[in-house]
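Structural overview for review
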Amino acid sequence: MKLIIGLGNPGAEYTGTRHNFGWRALDFLAEKFDAGKWKNEKKFHAMVAKANLDREDILLIKPQTFYNLSGQSVRAIRDFYKLDNSDILVIHDDMDLQVGRLRAREKGSAAGNNGVQSLINHIGTDFARLRIGSGKDAEHDGLTKPSDNHSDYVLSRPNSAEKAKFEQLLPEIEQATKDFIAGEFTAHSVKV
């Protein structure tokens, strides 16, 4: 069994924000993998959809604990199914990457991402991740623009050009996820 985790925030006010790129990617994967309907699994504090790809059971997971507390949900699911961190792929936004970039890593640090830090605090660093660029363009340098308050930026909605770049990454996310499921996941970067 593989766990594909998308980071995001529950609630209509967060729909379509940069911080919910992970959830949007999971919606795309659920459609491509013919996953069942999303179900609220209260014991995991998560929305879960089930799929099977090449005879591998897949759980697509959207933690409902809010982005910065995602580790609580992921640990509950991992421990319940008695899985290793090598069975976990986390998909999340990263404002240190330019919009239109995707970076795959087999493990690593939080790099300032509070949601990833929550995961590290609960399960360690040795899980795969797909980082979706949400920053570093002419209007945002990932550190000080548009303001020093990072939450204002990640909780904002991308403009139409940024949305288009994100949408162009979805097939790349699908392929990287299939590679992870097949045991062929490697560190790499993509730019559209």
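The structure reproduced in this document is the subject of the present report. (Residues numbered from 1 in each chain as written. Predicted model: local features only at pLDDT ≥ 70, side-chain atom pairs only at ≥ 80, totals over all residues. Heavy atoms only, no water.)

Observations regarding unusual backbone geometry
Positive phi, normally seen in glycine, also occurs at Arg55, with a value near 65 degrees. Along the polypeptide, Arg55 turns up in the loop between strand S3 (46-53) and strand S4 (56-63). Exposure remark for Arg55: the relative accessible area of 81% places this residue in the exposed category. Here Ala111, not a glycine, exhibits a phi torsion of approximately 50 degrees, which is positive. For Ala111, the position within the fold is in the loop between strand S6 (101-105) and helix H3 (114-123). Judged by relative accessible area, which is 42%, Ala111 ranks as partly exposed. (Helix = DSSP H or I, 4+ residues; strand = E, 2+ residues; numbered from the N terminus. Buried < 20%, exposed > 50% of the residue type's maximum accessible area, 1.4 Å probe, protein only.)

Remarks on the pattern of salt bridges
Applying the stated criterion across every chain, the model contains eight salt bridges. Between Arg24 and Glu167 there is a salt bridge, with its nearest N and O atoms 3.4 Å apart. Here Glu167 lies in helix H5 (residues 160-181) and Arg24 lies in helix H1 (residues 21-32), a separation of 143 residues in the sequence. Residue classification places Arg24 among the partly exposed residues on the basis of a relative accessible area of 32%. Of the residues examined, Glu167 reaches a relative accessible area of 38% and is grouped as partly exposed. (Salt bridge = Lys/Arg side-chain N within 4 Å of Asp/Glu carboxyl O.)

Considering the packing of H1 against H5
It is at 10 Å that the axes of H1 and H5 come closest, and there the two elements cross at 60 degrees. By crossing handedness, the relation of H1 to H5 is classed as right-handed. Residue-level contacts link Phe21, Arg24, Ala25, Phe28, Leu29 and Lys32 of H1 to Phe166, Glu167, Leu170, Pro171, Ile173, Glu174 and Thr177 of H5. For the contact of H1 with H5, the class distribution of residues is eight nonpolar, one polar and four charged. (Axes fitted to C-alpha atoms, helices over the stretch in contact; angles between N-to-C directions. Left-handed = near helix turned anticlockwise from the far one by under 90°. Contact = heavy atoms within 4.5 Å. Nonpolar A, V, L, I, M, F, W, Y, C, P; charged D, E, K, R; others polar.)

Details of the layout of surface pockets
Size it by volume and the largest pocket reaches roughly 350 Å³. Lining the largest pocket are 20 residues, and of these His19, Met95, Gly112, Asn114 and Val154 lie nearest its centre. Those elements that place two or more of their residues in the lining of the largest pocket are strand S5 (88-98), H3 and helix H4 (150-154). The biggest single contributor to the lining of the largest pocket is S5, with four residues. Grouping the amino acids of the lining of the largest pocket by side-chain chemistry returns seven nonpolar, ten polar and three charged. Its boundaries defined by the atoms lining it, the second largest pocket holds a volume of some 260 Å³. Where the lining of the second largest pocket is concerned, the elements lending two or more residues are H1 and H5. When residues of the lining of the second largest pocket are assigned to their parent elements, the largest contribution, four residues, is made by H1. Taken together, the residues of the lining of the second largest pocket break down into four nonpolar, four polar and five charged. (1 Å grid on protein atoms, 1.4 Å probe; cavity = no way out; pocket = protein on both sides within 12 Å on 5 of 7 lines; lining within 4 Å. Points joined across faces, edges and corners; volume = space filled by probe spheres on them.)

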